[in-house]
Amino acid sequence: MELSFMEISLKVIIGFFLLFLITKILGKTTIKQLTPFDFVSAIVLSELLGNGIYEEKVNIIYIVYAVFLWGILMIFMEKLLLKYKGFRGFLEGKPSIIIRDGKIDRYQLKKNRMNINQLLSLLRQSEIFSIREVAYAILESNGSISILKKNKYQKVTMQDLQLPDQPVFLSTTLIIDGEVLEDNMNDLGFDKNWLINQLATSGVNSIKEVIYADWLDNDGIYIIPYKS
């Protein structure tokens, strides 16, 4: 027995509102912010719904159950990723510095399965037409690229002002959501006592009070506390 238009319409309407509800619960992540995990989850969810709509043996209640269960799993994983930093890195991946101080890091390119042509394409999409303009380029976990230009190639250039070139520094994140990024701090040669003293100097009593903090060699520490 074939599905009637009424049955298909009912399944589509229910599926539409289920997907809308799950999307609202998960938040307003844009397409560019989707991680590989989000992308795969979205595909599986759409397949569950799509296959169920046109399969006459699949009752509406099974579609609701499958989509609802998958949505619960996605929400659970989102909460887990927010709570556990190490688990977040495993599933979502970590940013990679593919151009460091104007030089291409071939190891990072190979690690991320990227060739020079792909790198150049990403740079052109960011209006960079020569690697000579780039001081640092970071490949984000969602596949986009973030670029820090050399001083003389920035919009208001040191060259235009006839000033000597200044070194370019990359900021290092120290705290996210009240948690210290130990590896980053150790790379800088700092320790937790130093960080606590820096926070105290800025009127912050605890690391847990900080939503974000970073360090820039020529500008010191930058702190954003949670709003009271």
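Before reading further, recall that the structure is shown in the block above.
Residues numbered from 1 in each chain as written. Predicted model: local features only at pLDDT ≥ 70, side-chain atom pairs only at ≥ 80, totals over all residues. Heavy atoms only, no water.

## A closer look at the nonpolar core
Of all hydrophobic cores here, the largest spans 14 residues; its most connected members are L174, I175, L195, L199, V210, I221 and I223. Every element with two or more residues in this core is listed here: β5 (172-176), α8 (192-201), β7 (210-216) and β8 (220-225). (Core = buried A, V, L, I, M, F, W, Y, C linked by side-chain atoms within 4.5 Å. Buried < 20%, exposed > 50% of the residue type's maximum accessible area, 1.4 Å probe, protein only. Helix = DSSP H or I, 4+ residues; strand = E, 2+ residues; numbered from the N terminus.)

## Considerations on the sheet that holds β8
If you trace the 4 strands from one edge of the open sheet to the other, you get β6-β5-β7-β8, paired in antiparallel fashion. Of all strands in the sheet, those with a lone pairing partner are β6 (179-180) and β8, marking the two edges. The pairing of β5 with β6 spans 2 bridges and is classified as antiparallel. Bridge pairing links I175 to V180 in β6. Along the sheet, α8 makes contact with β5, β6, β7 and β8, crossing β8 at roughly 65°. (Pairing = 2+ DSSP bridges. Contact = heavy atoms within 4.5 Å. Axes fitted to C-alpha atoms, helices over the stretch in contact; angles between N-to-C directions.)

## Some details on the sheet that holds strand β2 (residues 103-104)
On the basis of which strands lie adjacent, the open sheet formed by 4 strands has the order β2-β1-β3-β4 and antiparallel pairing. Edge positions in the sheet fall to β2 and β4 (145-149), since each of these pairs with one other strand and no more. Taken together, the 2 bridges between strand β1 (residues 96-100) and β2 define a ladder with antiparallel strand orientation. Pairing of R100 across the sheet is with K103, part of β2. Of the strands in this sheet, β1, β2, β3 (134-139) and β4 are in contact with helix α6 (residues 116-125), which crosses β4 at around 70°.

## Describing the packing of aromatic side chains
A full pass over the atoms with the stated rule returns 3 aromatic pairs. Ring centres of F190 and W215 lie 5.1 Å apart, and the angle between their planes is 80°; this geometry places the pair in the edge-to-face category. Remark: W215 occurs in strand β7 and F190 occurs in the loop between α7 (182-188) and α8; sequence separation between them is 25 residues. Taking 5.3 Å as the distance between ring centres and 75° as the angle between the ring planes, the aromatic pair formed by W194 and W215 counts as edge-to-face. Placement of W194 in helix α8 and of W215 in strand β7 is noted, with a sequence separation of 21 residues between them. Of the residues examined, W194 reaches a relative accessible area of 18% and is grouped as buried. (Phe/Tyr/Trp six-rings, centres within 6.5 Å; stacked < 30°, edge-to-face > 60°.)

## With respect to the pairing of β4
Both β3 and β4 contribute to a ladder of 5 bridges, which runs antiparallel. Bridge pairing in β4 links A137 to I147. Two successive antiparallel strands, β3 and β4, enclose a turn made up of 5 residues, where G143 displays a positive phi of approximately 95°.

## Focus: α8
Residues of α8 that are buried: W194, L195 and L199. In an axial view of α8, the angular spread of the buried residues amounts to 135°, which keeps them on one side of the axis. Every exposed residue of α8 that faces more than 90 degrees away from the buried side is listed here: N193, N197 and T201. On its buried side, α8 packs onto β5, β6, α7, β7 and β8. Between a side-chain oxygen at the N-terminus of α8 and the backbone nitrogen of N193 the separation is 3.3 Å; the capping residue is D191. The positive-phi residue at the C-terminal boundary of α8 is G203, with phi of around 85°. (Arc of directions from axis to C-beta. Polar contact = N/O pair within 3.5 Å; in protein donor to acceptor, adjacent residues only side chain to side chain.)

## Section: the environment of V180
Relative to the helices and strands, V180 resides in strand β6. Among the residues examined, V180 registers a relative accessible area of 10% and is labelled buried. For the pair formed by V180 and I207, sequence separation is 27 residues and the distance between their alpha carbons is 7.6 Å.

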